[in-house]
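# Notes for the structure review
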Amino acid sequence: MTDRTSALAEPAADETLTRPFHGPSPYDDYVHASVLNSLQQPLTEAADEMGFLVTTQVMELWFTLVAHEWQTARTAFAKDDLDAALDALTRSARALTALNASWKPIAALTPAQFNGFRAAFGRASGFQSAMYRHMEFLLGQKNAGLLNGHRGDPAVHEALAETYRATSLYDEVLRFLHRQGLPVPEHVLERDVTAPYAADPAVVEVWRRVYEGPCPEQRRLTALAESLTDIAELVARWRFDHVMVVRRAMGAKPGSAGSSGLAWLERRASRPVFPELWEVRGEL
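An account of the accompanying structure is given in this report.

Once that is clear, we can look at helix 14 (residues 262-269). By the burial criterion, the buried members of helix 14 are Leu262, Leu265 and Arg268. For helix 14, the buried positions fall inside an angular range of 125 degrees around the axis, keeping them on one side.

To continue, consider the pattern of salt bridges. The full count for this structure, using the stated rule, is 13 salt bridges. The shortest N-O distance in the salt bridge between arginine 208 and glutamate 212 comes to 2.4 Å. In this pair, arginine 208 and glutamate 212 are both assigned in helix 12 (residues 201-212), 4 residues apart and thus about one turn of the helix distant.

The subject of this paragraph is the packing of helix 5 (residues 49-78) against helix 6 (residues 82-101). Relative placement of two packed helices is described by the angle separating their axes and the distance separating the axes. The contact between helix 5 and helix 6 brings their axes to 8 Å, and the two run at 165 degrees. Taken together, the axes of helix 5 and helix 6 are roughly antiparallel relative to one another. The interaxial crossing formed by helix 5 with helix 6 has left-handed handedness. Contacts between helix 5 and helix 6 involve Met59, Trp62, Phe63, Leu65, Val66, Glu69, Trp70, Thr72, Ala73, Ala76 and Phe77 from the first element and Leu82, Ala84, Ala85, Ala88, Leu89, Arg91, Ser92, Ala95, Leu96, Ala98 and Leu99 from the second. In terms of residue class, the contact of helix 5 with helix 6 is made up of 18 nonpolar, 2 polar and 2 charged.

Applying the stated criterion across every chain, the model contains 1 cavity of 30 Å³ or more. Its boundaries defined by the atoms lining it, the largest cavity holds a volume of some 50 Å³. Around the largest cavity sit Leu96, Leu99, Tyr132, Met135, Glu136, Leu139, Val235 and Trp238, which together line it. Elements with a contribution of two residues or more to the lining of the largest cavity: helix 6, helix 8 (130-138) and helix 13 (216-250).

Together, Tyr27, Tyr30, Val31, Val35, Leu36, Leu39 and Leu61 make up an exposed nonpolar region whose accessible area comes to about 720 Å². Within the residue set of the nonpolar patch, elements represented by two or more residues are helix 3 (26-31) and helix 4 (33-36). In terms of residue count, the dominant contributor to the nonpolar patch is helix 3 (3 residues). For leucine 36, the position within the fold is in helix 4. Classification of leucine 36 by relative accessible area gives partly exposed; the value is 35%.

Time to look at the layout of surface pockets. For the largest pocket, the calculated volume is near 940 Å³. For the largest pocket, the lining is made up of 37 residues, of which Phe52, Thr56, Ser125, Gly126 and Phe127 are closest to its centre. Listing elements by their share of the lining of the largest pocket, those giving two or more residues are helix 5, helix 13 and helix 14. Per element, the largest residue contribution to the lining of the largest pocket is 8 residues, and it comes from helix 5. By volume, the second largest pocket amounts to about 280 Å³. Around the second largest pocket, the lining comprises 18 residues; the ones closest to its centre are Gly140, Gln141, Lys142, Pro196 and Arg271. In terms of residue class, the lining of the second largest pocket is made up of 11 nonpolar, 3 polar and 4 charged.

Time to look at unusual backbone geometry. In this structure, histidine 32 is a non-glycine residue whose phi angle is positive, near 60 degrees. Within the secondary structure, histidine 32 is located in the loop between helix 3 and helix 4. On the accessibility criterion, histidine 32 (43% relative accessible area) is partly exposed.

Each aromatic ring pair is described using two quantities: the centre-to-centre distance and the angle formed by the ring planes. This model, assessed by the stated rule, comprises 15 aromatic pairs. Where tyrosine 170 meets tyrosine 197, the ring centres are 5.1 Å apart and the plane angle is 90 degrees; that geometry is what we call edge-to-face. Linking tyrosine 170 in helix 10 (residues 169-179) with tyrosine 197 in the loop between helix 11 (186-189) and helix 12, this pair joins segments that are 27 residues apart in sequence. On the basis of relative accessibility, which here comes to 15%, the residue tyrosine 197 falls in the buried class. Through a chain of ring-to-ring contacts, the aromatic side chains of Phe52, Phe114, Phe117 and Phe121 assemble into a single cluster.

Here the focus is the side chain of serine 102. Position of serine 102 among the secondary structure elements: in the loop between helix 6 and helix 7 (111-115). Contact partners of serine 102, with chain neighbours within four places excluded, come to Thr55, Val58, Met59 and Trp62.

What follows concerns the nonpolar core. Trp70, Phe77, Leu89, Leu177, Trp207, Leu224 and Phe274 are the most contacted members of the largest nonpolar core, which has 63 residues in total. No other element matches the 14 residues that helix 13 contributes to this core. Once residues lying within four places of it in the same chain are set aside, the contact partners of tryptophan 207 are Tyr170, Val173, Leu174, Leu177, Leu221, Ala225, Leu228, Glu276, Leu277 and Val280. Among the nonpolar cores identified, the runner-up in size contains 5 residues, and Phe137, Leu147, Leu160 and Tyr164 belong to it.

Quick notes on the rules
Residues numbered from 1 in each chain as written. Predicted model: local features only at pLDDT ≥ 70, side-chain atom pairs only at ≥ 80, totals over all residues. Heavy atoms only, no water. Buried < 20%, exposed > 50% of the residue type's maximum accessible area, 1.4 Å probe, protein only. Helix = DSSP H or I, 4+ residues; strand = E, 2+ residues; numbered from the N terminus. Arc of directions from axis to C-beta. Salt bridge = Lys/Arg side-chain N within 4 Å of Asp/Glu carboxyl O. Axes fitted to C-alpha atoms, helices over the stretch in contact; angles between N-to-C directions. Parallel < 35°, antiparallel > 145°, perpendicular 65-115°, else oblique. Left-handed = near helix turned anticlockwise from the far one by under 90°. Contact = heavy atoms within 4.5 Å. Nonpolar A, V, L, I, M, F, W, Y, C, P; charged D, E, K, R; others polar. 1 Å grid on protein atoms, 1.4 Å probe; cavity = no way out; pocket = protein on both sides within 12 Å on 5 of 7 lines; lining within 4 Å. Points joined across faces, edges and corners; volume = space filled by probe spheres on them. Patch = residues over 30% accessible without salt bridge, like charges linked within 9 Å, V, L, I, M, F, W, Y side chains within 5 Å. Areas by Shrake-Rupley, 256 points an atom, 1.4 Å probe, with all protein chains shown as cover. Phe/Tyr/Trp six-rings, centres within 6.5 Å; stacked < 30°, edge-to-face > 60°. Core = buried A, V, L, I, M, F, W, Y, C linked by side-chain atoms within 4.5 Å.

All we've got here are geometric facts, nothing functional implied.
Below is the structure:
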């Protein structure tokens, strides 16, 4: 190796990179990396528990971002700001793609590997994730009973109850379409938003008109329909991957929180998100 090659391989440190800080670095002040990196506290010596903890915590962060973007889009639809809404939906789709990739570190856990630390987390379960429940409620898949598990934490419970009581992302999409002159029926617009959303044939017809509309504005609404379909597909893939991870690691045993485990996940995975956007494809 020549002196020239060595010099290229080992550049002199920039003075700004070696200057000491008084207290935490500005990076840590902003990102709170030291806090994040202190949150992994395995309870066993199992080699796979650290990966399980990090994966779960990373997923919680992605849940937070996805819910934030859907709330942003919901607000934009209420203001008839389609551009801002589409931007937020696009960002959420990118976050969902990253969320789905988060399964990789634990996707191939064997029953023996999972059993090496499963008992340590007792009755803890992803079913109890409040931020994931925010996502489900924003999708219109609401269930009052799922609020009960969070009553012991008043701040978390009230935040989740607020999302439960509010319109879903899809509710605001349909209200927006109504204001654009599309025939979304009154019974859909005035429905009880705390009830789970159910597919409606009249809404299928609305989306058919969107896809078949010839004018430029309709093409923008078609872009909206496809953006929502992207999100629905990514959510479905996340649920399916969850089923496969559980099936591979623990089979059909009951879940740690007492749920039916795999059977419950399979039922949830079978429910389509934004159902009319799938039904309309058979009408085109």
